Amino acid sequence: MTCEELRDSYELYAIGVLEDPEKAELERHLAENCAACREGIRVARQTNSVLLTVIPMVEPSKRLRKKVLAAVGMERTGWGWVSSWGVVTAALLVAVMYLSIEDRRHVRELEIAKAEMHSTGLALSKAQQAISFLNEPDTLLMVGKGVKMPPKLRVFLNKNRGVLLMANNLPAAPAGKIYEMWVIPKGGAPKPSGLFNSDEQGNATHILPGALDVDSTAVVAVTLEPEAGSTTPTMPIILSAGL
Amino acid sequence: MIIFFPILFAVADSEADRSLAERLKRREPQAMADLYDRYGRIVYALIFRVVRDTGVAEDLAQETFLRVWNRVQGFDHERGALGPWVLTVARNRAIDYLRSVDGRMAASAVELDTNEHPSLFGDLERDVLNSDRSRVLRAAFKKLSDKQQMVIELAYFEGLSQTEMADRMKQPLGTVKTWMRSALRTLRDELGEALTA
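Below is a short write-up of the structure. (Residues numbered from 1 in each chain as written. Chains lettered and ligands numbered in written order. Predicted model: local features only at pLDDT ≥ 70, side-chain atom pairs only at ≥ 80, totals over all residues.)

## A look at the overall build of chain A
Step number 1: The helix and strand tally for chain A stands at seven helices and seven strands.
Step number 2: Out of the 243 residues in chain A, the part that is buried amounts to 27%.
Step number 3: For chain A, long-range pairs separated by at least 24 residues make up 60% of all intrachain contacts whose partners lie at least 6 apart in sequence. (Helix = DSSP H or I, 4+ residues; strand = E, 2+ residues; numbered from the N terminus. Buried ≥ 20, exposed ≤ 12 C-beta atoms within 10 Å, placed from the backbone. Contact = placed C-beta atoms within 7 Å.)

Now the structure itself:
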């Protein structure tokens, strides 16, 4: 194909949806350092990026900013207004407020812990009922199909026990690939944290045993990697959970 | 027909973007907050446009900024266009999610990963994203027929190939290609005039 014939493929190539034979032809031109195609792709990237801004406006929630900054371990303090009051005044104010805030925080944490214990107790009770139900000799199995749901991820962190990952609706990794878990510390690089696959029902459980610095952990993520695993992520994050 | 509204995108100050990218590479504590303040709304709006779920959109926006943070060392802050790179990363996270839901994940993940490498955004015009161009493209988009608009939407906001579009729209592949070709020519020509103006 000539560059002129490939001209209408530049934008689709740049957003990753072009198919063969045009894709193979265009890649051949690019591999041969075709100046016209390289310039065409450059301009296409510009067109594409402008097109991505022509969308309806939707405001994110205020908590998103906090989550984003927490993910990289950098939460803004928001104390810029203090300078007008004077650092000393602010420090006194902080000192007075600190004890009361800490006190309230501890009470709140206690309430959360109680609620979690209650909820865990209910879950345990339900699980015991389910096991008892399944163990009944007269129980019959019916298999159904529902609406396909997106993958879900739950991650539990424990400073003594490590990381427990539980995923649902996760399709089995394709041949030659496997899921890899990554523990990403605040402001640090992802650490390889074990390989796993999902079962026929799309469920997966994976444990990274050992002590864990929970406070410095920002995100636990999952990628699809070659079946031998990788030391750094080579594929996009499929699932992630942050504190 | 889906109506588009342009986001008034105040990124004409390319020098500020260059400085921001440099500060991100130096891991300055305030740089990530500034990046979010500059691109948080558009990133979220773009992802929401694709996934249509506020919770998922927030998770993917977080993932977008984390990915930019982790890969910014490969970005050429002297020559690169930060906005287009951030938007591409955001769009890819959203498309990747859609494809994983549709079971199209494995085949396309590499494709998306390669088209968002920071080095690919090293020679774009820095102020390519500004509200004027967004307005030009919106006007051009409105000139397209319903079918032309649909194929553009399916490619950019659902990540479908032309074969997948033909299947979805129950139309011959050649017809879909014709709609796509004519739509892109219109958008390219209109925007090209604005870019060179």
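## Examining the overall build of chain B
Step number 1: Helices and strands together make up the secondary structure of chain B, namely nine helices and zero strands.
Step number 2: Listing the helices and strands of chain B from first to last along the sequence gives α-α-α-α-α-α-α-α-α.
Step number 3: Split into buried and exposed, the 197 residues of chain B put 50% on the buried side.
Step number 4: Within chain B, contacts between residues separated by at least 24 positions form 74% of all contacts whose residues are at least 6 apart in sequence.

## Details of the interface of chain A and chain B
Step number 1: Across the contact, 48 residues belong to chain A and 66 residues belong to chain B.
Step number 2: Only helix 2 (10–14), helix 4 (35–51), helix 5 (62–71), strand 6 (217–226) and strand 7 (237–242) of chain A provide two or more residues apiece to the side of chain A that touches chain B.
Step number 3: Sorting elements by how many residues they give to the side of chain A that touches chain B places helix 4 of chain A first, with seven residues.
Step number 4: Here the residues of the side of chain A that touches chain B are counted per class, giving 29 nonpolar, eight polar and 11 charged. (Nonpolar A, V, L, I, M, F, W, Y, C, P; charged D, E, K, R; others polar.)

## Observations concerning the nonpolar core
Step number 1: Grouped together as the largest cluster of nonpolar side chains are 103 residues, with contacts concentrated most on Ile47(B) and Val151(B).
Step number 2: Sequence-distant contacts of Val151(B), that is, excluding residues within four places in its chain, are made with Met165(B), Val176(B), Trp179(B), Met180(B) and Ala183(B). (Core = buried A, V, L, I, M, F, W, Y, C linked by C-beta atoms within 7 Å.)

## What to know about the sheet that holds strand 6 of chain A
Residue and element names in this part refer to chain A.
Step number 1: Pairing in this open sheet of four strands is antiparallel, and the strands run 4-3-6-7 from one edge to the other. Looking along the sheet, the strands with just one partner apiece sit at the ends: strand 4 (191–196) and strand 7. Neighbour to neighbour, the strand axes of the sheet diverge by 20 degrees on average, direction disregarded.
Step number 2: Two elements, strand 6 and strand 7, share five bridges in a ladder whose sense is antiparallel. Bridge pairing in strand 7 places Ala221 opposite Ser240. (Pairing = 2+ DSSP bridges. Axes fitted to C-alpha atoms, helices over the stretch in contact; angles between N-to-C directions.)

## Details of the sheet that holds strand 5 (residues 204–209) of chain A
Residues and elements named next belong to chain A.
Step number 1: On the basis of which strands lie adjacent, the open sheet formed by three strands has the order 1-2-5 and antiparallel pairing. Each end of this open sheet is capped by a strand with a single partner; those strands are strand 1 (152–158) and strand 5. Taken over all neighbouring pairs, the strand axes of this sheet differ in orientation by 10 degrees on average, direction set aside.
Step number 2: One ladder, built from six bridges, connects strand 2 (residues 162–168) with strand 5; its direction is antiparallel. Residue Val163 lies in a different strand from strand 5, and its bridge partner there is Leu208.

## Remarks on helix 5 of chain A
Step number 1: By the burial criterion, the buried members of helix 5 of chain A are Leu64(A), Val68(A) and Ala71(A). The buried side chains of helix 5 of chain A occupy one side of the element, clustering within an arc of 65 degrees when seen end-on. Away from the buried face of helix 5 of chain A by more than 90 degrees, exposed residues Lys62(A) and Arg63(A) are located.
Step number 2: Buried residues in helix 5 of chain A make contact with strand 6 and strand 7 of chain A together with helix 2 (29–51) and helix 3 (54–71) of chain B.
Step number 3: Directly after helix 5 of chain A, the chain includes Gly73(A), whose backbone phi takes a positive value near 70 degrees. (Arc of directions from axis to C-beta.)

## Let's talk about the pairing of strand 6 of chain A
Residues and elements named next belong to chain A.
Step number 1: The element strand 6 is largely enclosed, with a buried count of nine among its 10 residues.
Step number 2: Sheet topology note: the strand 3 (residues 177–185)/strand 6 ladder contains nine bridges and is antiparallel. In the sheet register, Glu180 faces strand 6, and the bridge partner there is Thr223.

In short, the description is geometric, and any link to function would need to be established separately.
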